[in-house]
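Below are the chains, spelled out letter by letter.
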Amino acid sequence: MAELDWGRRYLMCPPEHFGVLYEINPWMDAEVAVDPERAREQWDGLRATLEAAGAAVEVVHQSAEVPDMVFTANGGIVNVAADGGPRFVPSNFWHAERQGETERFAAWFAEQGWAVDRLDPGLRHEGAGDALPFGGVLLSGYRFRSDRVAATDLAALTGGPVRSIELVDERLYHVDITFCPLSDRHALCAPMGWDRYGRQVVEALVPEPLWLTDEEALSFCANSVVVGTTVVMPTTPVRVGRQLEAWGFDVVTCDVSEFLKAGGGCRCLTLALDVPLGPGPAPNPD
């Protein structure tokens, strides 16, 4: 087993204006209040946990107009392997409530010296929330927040293959709630979230998947962050934790319950800044 070649540098957004102020997924209820102090404590706890595992964290700030900007995973696609320096593809958000985030993320990356590429404005795609790399392929979800045809633009902009899988359960509305790369051989996989073809794609791609039960998938345990051999999870079902430890991972449960009120876990709150996209080696079958 080889560790992932990314996942040691992240962008996070402190919850300065976070709240469940509208409803755009089945987990959101505008009548359920967020505790701002607890949300900040949980966010600080996640950041500290990632840093203790060896990751570096950079910060982008939000304004009151974009309460969901804390979910930086949805900000866009990162590619540090691109010719000419690191490149960023900002998301075209599905819902009007989040569309104000696009230029804020684009401006932050431009200020850091990244080249900013653009998707066709008529296409919707929600960044690393709906696209995660594994085995030289960018696995991209579509239906609830992203368009299937956006994969063509992503392939052209990143220079690597993109495989699309259809999401079929509105509770698992982003691919990063259904799939978590762990190493070059392992991944957390929630088959309830995909159509039959999507399951076949993942079966062919991942040498040793940990297939999640429906109950495990709905606990958001696939929405985890991996730093080397440390897996930071919003919830850790007993069976899942035991299997991860048997594979040699250190499992850390990090309470982000205030953010789960909006349908986001640990992965949603982070955007990896060191992802090398483009052609790459397939997983070792041995």
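Look up: the structure comes first, before these words.
Overview of the structure. Predicted, not measured: the structure shown is a model, and the values here were computed from it. Residue indices begin from 1 for each chain and proceed along its sequence in written order. Local features in this predicted model are restricted to residues of pLDDT 70 or higher, and side-chain atom pairs are both shown and tallied only at a pLDDT of 80 or more, whereas totals for entire chains, interfaces and linings draw on every residue. The basis for every side-chain value is the complete set of heavy atoms in the structure, and neither hydrogens nor water enter the calculation.

**Structural notes on the sheet that holds strand β11 (residues 208–211)**
Sheets are built from strands that pair by backbone hydrogen bonding, the pairs being arranged parallel or antiparallel.
Moving on, step 1. Two strands make a pair as long as DSSP finds a minimum of two bridges between them. Secondary structure elements are taken from DSSP: a helix is a run of H or I of four residues or more, a strand is a run of E of two residues or more, and numbering for both begins at the N terminus. Taken in spatial order, the 3 strands make up an open sheet running β9-β10-β11, and their pairing is mixed. Every other strand in the sheet has two partners, leaving β9 (179–181) and β11 as the edge strands with one partner each. Sheet twist, expressed as the mean angle between neighbouring strand axes with direction ignored, is 20 degrees.
Moving on, step 2. With 3 bridges connecting them, β9 and strand β10 (residues 186–189) associate as antiparallel partners. Among the inter-strand pairings, F179 is bridged to a residue of β10, identified as C189.
Moving on, step 3. Should any heavy atoms of two residues lie within 4.5 Å, those residues are counted as being in contact. The axes used here are C-alpha line fits, helices contributing only the stretch in contact, and every angle between their N-to-C directions lies in the interval 0 to 180 degrees. This element, helix α6 (residues 238–246), spans β10 and β11 of the sheet and lies at about 160 degrees to β11.

**Some words on the pattern of salt bridges**
Moving on, step 1. Salt bridges are defined as contacts in which a side-chain nitrogen from Lys or Arg sits within 4 Å of a carboxyl oxygen from Asp or Glu. Under the definition given, this model contains 16 salt bridges.
Moving on, step 2. Residues E58 and R9 are paired through a salt bridge, measuring 2.7 Å at the closest nitrogen-oxygen approach. With E58 in strand β2 (residues 56–59) and R9 in strand β1 (residues 9–12), the pair connects residues that are 49 residues apart, well separated along the chain.
Moving on, step 3. Note that R104 and E65 form a salt bridge whose closest N and O atoms lie 3.7 Å from each other. Of the two residues, R104 is situated in helix α2 (residues 101–111) and E65 in the loop between β2 and β3 (76–79); the sequence distance between them amounts to 39 residues.
Moving on, step 4. Shared partners join several salt bridges into a network, and the residues in it are R38, D255, E258 and K261.

**Things to note about the packing of aromatic side chains**
Moving on, step 1. When the centres of two rings from Phe, Tyr and Trp lie within 6.5 Å, Trp using its six-membered ring, the rings pair. Their planes under 30 degrees apart give stacked, over 60 give edge-to-face, and anything left gives tilted. Across all of its chains, the model carries 8 aromatic pairs by this definition.
Moving on, step 2. Judged by centre distance (3.7 Å) and plane angle (5 degrees), the rings of F88 and F109 are stacked. With a gap of 21 residues between them, F88 in strand β4 (residues 87–90) and F109 in helix α2 connect regions that are remote in the sequence.
Moving on, step 3. Ring pairing ties together the aromatic residues F88, W108, F109 and W114, which thus form one cluster.

**A word on the sheet that holds strand β13 (residues 230–233)**
Moving on, step 1. Strands sit in the order β12-β13-β14 across an open sheet of 3 strands; the sheet is mixed. The open sheet has two edge strands with one neighbour each: β12 (225–227) and β14 (250–253). Across the sheet, the axes of successive neighbouring strands diverge by a mean angle of 20 degrees, strand direction being ignored.
Moving on, step 2. Pairing between β12 and β13: 3 bridges, direction antiparallel. Counterpart to V226 in the pairing with β13 is V231.
Moving on, step 3. Its contacts with the sheet put helix α1 (residues 36–52) on β12, β13 and β14, and the angle it makes with β13 is roughly 175 degrees.

**Some remarks on the nonpolar core**
Here is a general trend for soluble globular proteins: nonpolar side chains tend to be buried in one another's company.
Moving on, step 1. Residues F179, L188 and L244 are the most contacted members of the largest nonpolar core, which totals 90 residues.
Moving on, step 2. With 4 residues, α1 is the largest single contributor of residues to this core.
Moving on, step 3. Not counting residues up to four positions away in its chain, the partners in contact with L244 are L182, L188, L210, V231, M233, F249 and V251. Working definition of a nonpolar core: buried Ala, Val, Leu, Ile, Met, Phe, Trp, Tyr and Cys residues. They are joined through side-chain atoms within 4.5 Å. Only protein chains enter the accessibility calculation, which uses a 1.4 Å probe; a residue whose area is less than 20% of its type maximum is buried, one above 50% is exposed, and one in between is partly exposed.

**Regarding unusual backbone geometry**
Moving on, step 1. One non-glycine residue with positive phi stands out, namely R143, at about 130 degrees.
Moving on, step 2. When you line up the elements, R143 lands in the loop between β7 (137–142) and α3 (150–158).
Moving on, step 3. The phi torsion at F220 lies on the positive side, around 70 degrees, for a residue other than glycine.
Moving on, step 4. For F220, the location among the structural elements is in the loop between α5 (214–218) and β12.
Moving on, step 5. Owing to a relative accessible area of 2%, F220 belongs among the buried residues under this scheme.

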